[in-house]
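Survey of secondary and tertiary structure
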Amino acid sequence: MTTQDIYQEIRPYNDDEVPAAIERLISDDEFITAILHYKFPSASKFLFWLLAPLLRYKLRKSLSKITTVEDVQLNVATYLNKTVKKTTDGITYSGLDKLDPKQAYLFVSNHRDIAMDPALMNWVLYNNHMQTVRIAIGDNLLKKACSTELMKLNKSFIVKRSAKAPRQMLKALGELSSYIKHSLETNNSIWIAQKEGRAKDGNDFTDPAILKMFHVEGRKRKEAFSDYMNDLKIVPVSISYENDPLDIQKAKELNAVATLGSYEKGEFEDIDSIIKGIIGNKKRIHIHFGGVVTSAPETADELAAVMDKEITQGYRLFPMNYAAANSESEEVTSEVKRELEEKLSHLTAEEQPFLRALYANPVKNAG
């Protein structure tokens, strides 16, 4: 008798599903075209037609050895090592020594970059011989079949943001809350952002709705909010980038929302942001693992405030943050000021305050 796989729609792939998922990826025309576009941006359609079979052959050959989730993680780790060397001036971290490598945690982190936030945290865990996490990802990023395959291969589970009808939303929230608890109970750590979407304005605040979602399963089990939160082993995480490769783009978007009331994303904008975030220069990066929540307050709003304090205090401030905040700091050299002016020169006078805010708000919030 087979047991029903109640999380099949949202969960990452299991080992036995990996080879078929890789084959579906290699057979996906959009996936192959995306790689060729990235490698040869100005190539003609005819050249794509010639190169596609060669690329498929090469991928089948190189990916044939990947048969388990662990194999995928090892390949991702190799790629991330190269990315860290190429696009950063090094990653430092703190607070990890207070965590038990054998314990599963619910990592709730600030959110600045779509792909790199959980990837870099995983990189730190992996290099410290700790298990990598299952990653929460919104279904708004999975409009293409190949995106879904890639994410589910890499231990990502789906948050159904597109559910709009009240009954649909309740079902999706219940399923997500139950899956998170199930993961932790089966000793699988989780990464989830502290709120929906990136903090494009540099304000890292937790949405209490996320904490209420965690408790949906707790209510079902008739457990009080504070007791259930303590059982989840929540760890607030602060991820700090010295340089945001998407800072100019974020400033333009926020200005559009402020002046026009909304911002319409292009069809491939999210994918473009993911690529820029991966390959863009991030300079120094610091990841701080806060203390495990062991005495949670009784409401989501109070717990959000506790976590916000931990995340904003754990944020590593760099010279660019102080420069943008017009703060008196010895770290703000003439070179840093020039770098800030260079960034601002790409923006209109209307857009410039949004870029300043992105870097300045962490200074204000830490105070």
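Quick caveat, the model's predicted, so the values are computed rather than measured.

With mixed pairing, the 7 strands of this open sheet are ordered in space as β1-β7-β6-β2-β5-β3-β4. Whereas interior strands pair on both sides, the edge strands pair on one side only; in this sheet they are β1 (88–94) and β4 (156–159). When the angles between neighbouring strand axes are averaged without regard to direction, this sheet yields 25°. Across 4 bridges, the pairing between strand β2 (residues 106–109) and strand β6 (residues 234–241) is parallel. When the bridges of β6 are listed, Leu106 appears paired with Ile234. Together, β1 and β7 (283–289) form the strand contacts of helix α4 (residues 69–87), whose direction differs from that of β1 by roughly 115°.

Contact geometry of helix α7 (residues 166–185) with helix α8 (residues 208–220) gives a least axis separation of 8 Å together with a crossing angle of 80°. Judged on the interaxial angle alone, α8 and α7 are roughly perpendicular. Residues Leu173, Gly174, Leu176, Ser177, Ser178, Ile180 and Lys181 of α7 pack against Met213, Phe214, His215, Val216 and Glu217 of α8. In terms of residue class, the contact of α7 with α8 is built from 6 nonpolar, 4 polar and 2 charged.

Rules behind the numbers
Residues numbered from 1 in each chain as written. Predicted model: local features only at pLDDT ≥ 70, side-chain atom pairs only at ≥ 80, totals over all residues. Heavy atoms only, no water. Pairing = 2+ DSSP bridges. Helix = DSSP H or I, 4+ residues; strand = E, 2+ residues; numbered from the N terminus. Axes fitted to C-alpha atoms, helices over the stretch in contact; angles between N-to-C directions. Contact = heavy atoms within 4.5 Å. Parallel < 35°, antiparallel > 145°, perpendicular 65-115°, else oblique. Nonpolar A, V, L, I, M, F, W, Y, C, P; charged D, E, K, R; others polar.

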